[in-house]
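Structural overview
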Amino acid sequence: MIPTDTHDTGTCQRISELLSRIGDKWTLLIVRALGQGPKRFSALKRELGSISQKMLTRTLRNLERDGFVDRKVTPVTPPQVEYALTPLGMDLFRPIAALAEWTFAHADAIDAARHAYDARHPDPDHRAA
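Residues numbered from 1 in each chain as written. Predicted model: local features only at pLDDT ≥ 70, side-chain atom pairs only at ≥ 80, totals over all residues. Heavy atoms only, no water.

As named in an unreviewed UniProt entry, the protein chain is Transcriptional regulator, HxlR family, taken from Paracoccus solventivorans.

Written out as structure tokens, the structure reads:
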């Protein structure tokens, strides 16, 4: 779907909803982690660090529901659950990886712009969050 009419409310709402879903902090980090290959729940949790078990579970379920992630349960005791990106998830991984690379490449320039802005606007009420 390529939006040709950005003035169409339905199209804008759909795009906004999907970008909101895929653009949240944990979704980006999980897709980026799974882009390196399948991982078990505990390995994902360790890699992501500060994510709660509840948030990781919720985000993985949403990614599975949206078709980005496959969940594979191995019937052993205790059950082993592994998550992997689907072809759609790998398609999403590409722009996420590119955005991460762009951010890393431009981090110093962004920091310099922020410092310059802060120097011109010393009032903390004028600073963006």
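And the narrative resumes.
What to know about the nonpolar core
By size, the foremost hydrophobic cluster in this structure holds 21 residues, and its most contacted members are Ile30, Leu56 and Tyr83. When residues of this core are traced back to their parent elements, those giving at least two are α2 (25-34), α3 (41-48), α4 (53-65), β3 (80-85) and α5 (87-120). Contact partners of Ile30, with chain neighbours within four places excluded, come to Leu48, Ile51, Leu56, Thr59, Leu60 and Leu63. (Core = buried A, V, L, I, M, F, W, Y, C linked by side-chain atoms within 4.5 Å. Buried < 20%, exposed > 50% of the residue type's maximum accessible area, 1.4 Å probe, protein only. Helix = DSSP H or I, 4+ residues; strand = E, 2+ residues; numbered from the N terminus. Contact = heavy atoms within 4.5 Å.)

Section: a nonpolar patch on the surface
A cluster of nonpolar side chains, Leu99, Trp102 and Ile110, forms an exposed patch at the surface whose accessible area comes to about 280 Å². Mapped onto the fold, Ile110 is located in helix α5. With relative accessibility at 31%, the residue Ile110 sits in the partly exposed group. (Patch = residues over 30% accessible without salt bridge, like charges linked within 9 Å, V, L, I, M, F, W, Y side chains within 5 Å. Areas by Shrake-Rupley, 256 points an atom, 1.4 Å probe, with all protein chains shown as cover. Salt bridge = Lys/Arg side-chain N within 4 Å of Asp/Glu carboxyl O.)

Concerning the packing of α2 against α5
The description of two helices packed together rests on the angle between their axes and the distance between the axes. For the pair α2 and α5, the least separation of the axes is 9 Å and the interaxial angle reads 105 degrees. With respect to α5, the element α2 is oriented roughly perpendicular. Touching Leu28, Val31 and Arg32 of α2 are Gly89, Leu92, Phe93, Ile96 and Ala100, all from α5. In terms of residue class, the contact of α2 with α5 is built from 6 nonpolar, 1 polar and 1 charged. (Axes fitted to C-alpha atoms, helices over the stretch in contact; angles between N-to-C directions. Parallel < 35°, antiparallel > 145°, perpendicular 65-115°, else oblique. Nonpolar A, V, L, I, M, F, W, Y, C, P; charged D, E, K, R; others polar.)

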